[in-house]
Amino acid sequence: MALTIDREHTALLAMDFENDIVHENGAFKDIGFAQQVKQNDVLGKTARLLDAARGAGVKVIYVSVKFRPGYPERPQNAGMFQAVAGANALLEGAWGSTIHEAVTPKDGEPVVSKRGISAFTASDLAALLTTGGITTLLLTGVATNFVVEGTAREAADRGYNVVIVGDCCASASQEIQDSALSTTLPFLTTISNSEEVTAALK
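The residue numbering used here restarts from 1 in each chain and proceeds along that chain's sequence as written. Local features in a predicted model are, by the rule used here, given only for residues with pLDDT of at least 70; side-chain atom pairs are given and counted only at 80 or more, and totals for whole chains, interfaces and linings are based on all residues. Heavy atoms throughout the structure, all of them, feed into the side-chain values; hydrogens and water do not.

### Quick word on the overall build of the protein chain
Part 1 of the reasoning: Looking only at helices and strands, the protein chain features nine helices and six strands.
Part 2 of the reasoning: It is over C-alpha atoms that the radius of gyration is taken, and the globule rule equals 2.2 Å times the number of residues to the power 0.38. By the compact-globule yardstick of 17 Å for 202 residues, the protein chain fits well, its C-alpha radius of gyration being 16 Å.
Part 3 of the reasoning: Overall, the C-alpha framework of the protein chain stretches about 45 × 35 × 30 Å when taken along its three principal axes.
Part 4 of the reasoning: Working definition: with a 1.4 Å probe on protein chains only, accessible area under 20% of the residue-type maximum means buried, over 50% means exposed, and in between means partly exposed. Within the protein chain, buried positions represent 50% of all 202 residues.
Part 5 of the reasoning: Note that accessible areas follow from Shrake-Rupley with a 1.4 Å probe, and for residues the cover is restricted to the protein chains shown. Total accessible area on the protein chain is roughly 9200 Å²; 49% of this is exposed by carbon and sulfur atoms.
Part 6 of the reasoning: Of the charged side chains in the protein chain, 16 are positive and 23 negative; the average position of the first set lies 3 Å away from that of the second. By definition, any uninterrupted DSSP run of H or I lasting at least four residues is a helix, any uninterrupted run of E lasting at least two residues is a strand, and each is numbered from the N terminus. Asp and Glu are treated as the negative residues and Lys and Arg as the positive ones, with His and the ends of the chain left uncounted. Taken as the charge centre is NZ of Lys, CZ of Arg, CG of Asp or CD of Glu, depending on the residue.

Structure, rendered in structure tokens:
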């Protein structure tokens, strides 16, 4: 069955496309995210999807994970956040926490700052969605098994219809990417791709 999208009540979330995560010179360049992003043209596909969403009148919201100097809001219970601090990465105001130039926000598009995995964590995303009358979320971002999955799970619990645009996401390897999109997420969301979503926006 063809994908259908209620444009008026849909938002496209572009999540964690920050230089430290997706740029080949970012703090996490050796983890694999940037290589997978480049290999699968994730930035190019996402840029084209963003343009299609804007043209269709769909609300675009950016989500950015960042921390104050000293990482006072960093969760203390997870090794990943310890690694962020150890790499001096994702600091507010720094190049590394800037959204990659290939998918930069347009004037007036909100950029939500979060302090954890899910886009809802310590952010005002829920308020933006409620005020905007949003009921469906199109998810893009890096990494699929972190921000995309975390946001999808929480959004499903909150009652949103969730569509994951798989080729506008990436993980540290293709194996991790494929696993993330084929295990739990199909039971909570609709797994799609940029071509199908763009067609549904026309």
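### Quick word on unusual backbone geometry
Part 1 of the reasoning: Cis peptide bonds are those with omega within 30 degrees of zero, and the linkage from Val142 to Ala143 qualifies with 10°.
Part 2 of the reasoning: Tracing the chain through its elements places Ala143 in the loop between strand 4 (136-142) and helix 6 (144-157).
Part 3 of the reasoning: Backbone geometry at Asn88 places phi at a positive 55°, although glycine is not the residue there.
Part 4 of the reasoning: Looking at the element boundaries, Asn88 is found in the loop between helix 4 (79-86) and strand 3 (111-114).
Part 5 of the reasoning: In this structure Asn88 comes out as exposed when scored by relative accessible area, which is 53%.
Part 6 of the reasoning: At Ala122, a position not held by glycine, the phi torsion is positive, near 50°.

### Quick look at the packing of aromatic side chains
Part 1 of the reasoning: Paired rings are identified among Phe, Tyr and Trp, the last through its six-membered ring, by centres lying within 6.5 Å, and are further divided according to the angle between planes into stacked (under 30 degrees), edge-to-face (over 60) and tilted (the rest). For the structure on display, the rule yields two aromatic pairs.
Part 2 of the reasoning: Ring geometry for Phe67 against Tyr71: centres 5.8 Å apart, planes inclined by 50°, an arrangement best described as tilted.
Part 3 of the reasoning: With relative accessibility at 1%, the residue Phe67 sits in the buried group.
Part 4 of the reasoning: A residue is classified by how much of its surface remains accessible, and Tyr71, at 6% relative accessible area, is buried.

### Re the packing of helix 3 (residues 42-55) against helix 9 (residues 194-201)
Part 1 of the reasoning: Angular values range over 0 to 180 degrees, each being the angle between N-to-C directions of two axes fitted as lines to C-alpha atoms, with helices fitted over their stretch in contact. The geometry of helix 3 relative to helix 9 is characterised by a closest axis approach of 10 Å and an angle of 10° between their N-to-C directions. Taken together, helix 3 and helix 9 sit at an angle that is classed as roughly parallel. Two secondary-structure elements touch here, helix 3 through Lys45, Leu49, Ala52 and Ala53 and helix 9 through Ser194, Val197, Thr198 and Leu201.
Part 2 of the reasoning: Classification used: nonpolar for Ala, Val, Leu, Ile, Met, Phe, Trp, Tyr, Cys and Pro, charged for Asp, Glu, Lys and Arg, polar for all others including Gly. Broken down by class, the residue content of the contact of helix 3 with helix 9 amounts to five nonpolar, two polar and one charged. Reported orientations rely on four angle classes, namely roughly parallel under 35 degrees, roughly antiparallel over 145, roughly perpendicular from 65 to 115, and oblique for the rest. Here a residue-residue contact requires only that any non-hydrogen atoms of the pair lie within 4.5 Å.

### Comments concerning the pattern of salt bridges
Part 1 of the reasoning: A carboxyl oxygen of Asp or Glu within 4 Å of a side-chain nitrogen of Lys or Arg is what we treat as a salt bridge. For the structure shown, the criterion picks out eight salt bridges.
Part 2 of the reasoning: Two residues, Lys114 and Asp16, come together in a salt bridge whose shortest N-O distance is 3.3 Å. Placement of Lys114 in strand 3 and of Asp16 in the loop between strand 1 (10-15) and helix 1 (19-22) is noted, with a sequence separation of 98 residues between them. For the pair Lys114 and Asp16, one class covers both residues: buried.
Part 3 of the reasoning: Between Arg48 and Asp41 there is a salt bridge, with its nearest N and O atoms 3.1 Å apart.
Part 4 of the reasoning: Taking relative accessible area as the criterion, Asp41 reaches 36% and is therefore assigned partly exposed.
Part 5 of the reasoning: Linked through salt bridges whose partners overlap, the residues forming this network are Asp51, Arg54 and Glu109.

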